[in-house]
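Commentary on secondary and tertiary structure
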Amino acid sequence: MLSDNLLYVFLIAALGLAALSVNFVITSREKYKEARNARLKWLKEQSEHTLNALAVLKEINCRGDITDKLNQHALSLIEEIGVLAPDSELMTDVSKIKDNTDRTRPKQEPFNNDRAVRKAQIYINFAEKLIIDMANKGKMTPQLAHTYQQELYWLNISMVADAHIAQGRTLMQQGDKLGALSHYKHAKAILVRAAVPQRQKQDRLQPVQQLIDQLQPKRDFGPGALADSIDAYLKDPN
């Protein structure tokens with residue numbers, strides 16, 4: 001009788017252990033699946049944003065070493081997708097975006113509408129934040145990251161100024177001189193406010209000022225401190 005009871009105890013214990021083992025396996029698989037899905041969602045967002053940013057930077061003729069860094073980062077994201085979901089729709093979609101990005105070439109003309117400019121600014125800002133993140137993770141030196149940030153900042157400024165100039169020229173062709181003048185002045189203001197050395201923006205300021213002068217000739221106030229200071233500012237290479 002005692003031996004029968006012990007046998008029942010062992011059977012119950014064995015069944016309990018088996019149930020726990022099955023539950024552990026199922027739970028582990030579910031957790032792995034949840035973690036995998038969350039990682040793939042993050043990889044999807046990051047890879048698409050990085051590739052879109054890379055395409056924009058190529059369109060506005062960004063420095064090659066910066067686009068190379070972003071391309072390397074995009075490849076690492078795509079490789080991880082290939083490991084986690086090699087035959088998935090996600091892998092197919094991201095590969096298509098990568099192919100389109102690889103074929104992107106510099107635009108011959110500046111962006112000529114506000115929507116395109118805003119989109120470009122979003123992705124330039126994303127690229128700046130990505131550069132900082134890569135530096136924090138040791139993928140580049142802080143000094144190099146700072147240099148890239150400055151380059152992207154000036155690229156953003158130049159892109160917006162060029163867009164205003166392009167829109168101004170379009171309005172000039174349509175006979176809207178006041179509208180064109182407004183865009184030219186916006187371009188000048190953006191360049192003047194840019195936090196870069198004067199000599200860096202001087203080459204862009206002079207042509208814009210010439211366009212403004214064609215539509216709104218300077219008034220001759222005679223000699224004076226204000227006129228002298230403005231002329232000195234535009235001519236100062238520092």
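Okay, so let's go over this structure. In this text the structure is predicted, and so the values were computed from the model without any measurement.

**Let's talk about the nonpolar core**
Leu57, Ile60, Leu152 and Met159 are the most contacted members of the largest nonpolar core, which totals 44 residues. The set of elements that each furnish at least two residues to this core consists of α1 (2-59), α2 (64-84), α4 (114-136), α5 (142-173), α6 (177-193) and α7 (198-215). At 12 residues, α5 tops the list of elements feeding residues into this core. Residues in contact with Met159, not counting those within four places in the same chain, are Ile60, Phe111, Val117, Ala120, Gln121 and Ile124.

**Some thoughts on the packing of α6 against α7**
Axis separation between α6 and α7 bottoms out at 9 Å; the angle between their running directions is 155 degrees. In this view, α6 runs roughly antiparallel relative to α7, as classed from their interaxial angle. Regarding α6 and α7, the two cross each other, and that crossing is left-handed. Residues Lys177, Ala180, Leu181, Tyr184, Lys185, Ala187, Lys188, Leu191 and Val192 of α6 form the contact with α7, whose own contacting residues are Lys201, Arg204, Leu205, Val208, Gln209, Leu211, Ile212 and Leu215. Classifying every residue of the contact of α6 with α7 by side-chain character gives 11 nonpolar, one polar and five charged.

**Examining the layout of surface pockets**
Within this model, the second largest pocket holds a volume of roughly 280 Å³. Residue lining of the second largest pocket: 15 residues in total, with Glu59, Ile60, Asn61, Pro110 and Asp162 positioned closest to the centre. The element contributing the most residues to the lining of the second largest pocket is α5, with five residues. The residue inventory of the lining of the second largest pocket, partitioned by class, reads seven nonpolar, three polar and five charged.

**So, unusual backbone geometry**
Generally, phi is negative for residues other than glycine and the peptide bonds are trans, each holding for most cases. Positive phi, normally seen in glycine, also occurs at Asn61, with a value near 60 degrees. In this fold, Asn61 is placed in the loop between α1 and α2. Assessed through its relative accessible area of 57%, Asn61 is described here as exposed.

Parameters and conventions
Residues numbered from 1 in each chain as written. Predicted model: local features only at pLDDT ≥ 70, side-chain atom pairs only at ≥ 80, totals over all residues. Heavy atoms only, no water. Core = buried A, V, L, I, M, F, W, Y, C linked by side-chain atoms within 4.5 Å. Buried < 20%, exposed > 50% of the residue type's maximum accessible area, 1.4 Å probe, protein only. Helix = DSSP H or I, 4+ residues; strand = E, 2+ residues; numbered from the N terminus. Contact = heavy atoms within 4.5 Å. Axes fitted to C-alpha atoms, helices over the stretch in contact; angles between N-to-C directions. Parallel < 35°, antiparallel > 145°, perpendicular 65-115°, else oblique. Left-handed = near helix turned anticlockwise from the far one by under 90°. Nonpolar A, V, L, I, M, F, W, Y, C, P; charged D, E, K, R; others polar. 1 Å grid on protein atoms, 1.4 Å probe; cavity = no way out; pocket = protein on both sides within 12 Å on 5 of 7 lines; lining within 4 Å. Points joined across faces, edges and corners; volume = space filled by probe spheres on them.

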